[in-house]
Amino acid sequence: MSEKLISRRGAFSLLGLAAALALPTTVLTTSDAEAQAQPQPSPAAPAPAAPPPTAAAPTAPATPGMTRRQARRAGRHERREARRNARHMRREARRNSREMRREARRGMYMQSNKPIKQPQ
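Residues numbered from 1 in each chain as written. Predicted model: local features only at pLDDT ≥ 70, side-chain atom pairs only at ≥ 80, totals over all residues. Heavy atoms only, no water.

## Description of the overall build of the chain
Alright, step 1. Secondary structure assignment for the chain yields three helices and zero strands.
Alright, step 2. Seen in sequence order, the chain has helices and strands lined up from the N terminus as α-α-α.
Alright, step 3. Looking at the 120 residues of the chain, the share that counts as buried comes to 2%.
Alright, step 4. Carbon and sulfur atoms provide 60% of the accessible area of the chain, an area that totals close to 12200 Å². (Helix = DSSP H or I, 4+ residues; strand = E, 2+ residues; numbered from the N terminus. Buried < 20%, exposed > 50% of the residue type's maximum accessible area, 1.4 Å probe, protein only. Areas by Shrake-Rupley, 256 points an atom, 1.4 Å probe, with all protein chains shown as cover.)

## Some words on the pattern of salt bridges
Alright, step 1. For the coordinates displayed, the defined rule picks out four salt bridges.
Alright, step 2. The partner of Arg102 in a salt bridge is Glu99, and the shortest N-O contact between them spans 3.2 Å. Here Arg102 pairs with Glu99, and both are found in helix 3 (residues 64-112), just three residues apart, close to one helical turn.
Alright, step 3. By relative accessible area, which is 32% here, Arg102 ends up partly exposed.
Alright, step 4. Salt-bridge contacts for Glu103 lead to Arg106; the nearest nitrogen and oxygen are separated by 3.0 Å. Placement of the pair is Glu103 and Arg106 together in helix 3, with a separation of three residues, close to one helical turn.
Alright, step 5. By relative accessible area, which is 48% here, Glu103 ends up partly exposed. (Salt bridge = Lys/Arg side-chain N within 4 Å of Asp/Glu carboxyl O.)

## What to know about the confidence of the model for the chain
Alright, step 1. Model confidence for the chain is summarised by a mean pLDDT of 77, while 57% of its residues fall at 70 or above.
Alright, step 2. Looking over the chain, one finds the lowest element-wise mean pLDDT in helix 2 (residues 32-37), namely 63, and the highest in helix 3, namely 92. (pLDDT = per-residue confidence, 0-100.)

## Section: a nonpolar patch on the surface
Alright, step 1. Together, Ile6, Leu14, Leu17 and Leu21 make up a nonpolar patch on the protein surface, roughly 420 Å² of accessible area in all.
Alright, step 2. Turning to its location among the elements, Ile6 is positioned in the segment before helix 1 (8-28).
Alright, step 3. The exposure class of Ile6 is exposed, given its relative accessible area of 54%. (Patch = residues over 30% accessible without salt bridge, like charges linked within 9 Å, V, L, I, M, F, W, Y side chains within 5 Å.)

Here you go:
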């Protein structure tokens, strides 16, 4: 029998499949005693409303890794913006010089239709 190596992608897919199959079995194996021991909510008592977590307020203080990552992101953003501005300036310069060349050609063509003055 030949040995076949498994790729990382295949290994992770098998791991995910195993986890997906293991989750329902652990939920279903709760004993009746444990299920009855859990408090049942009464229909008259409303469920406590927990405020939804907001993405704007981080729950943990900024770690050094987080601040480094944010600094790298800010640096990338600034470099990207500088590249965009430089590209825009180059395009504008090419566009302007192209327009000037066109105007110069049009001017030459218009001048060629004029009669040439002969020296006397």
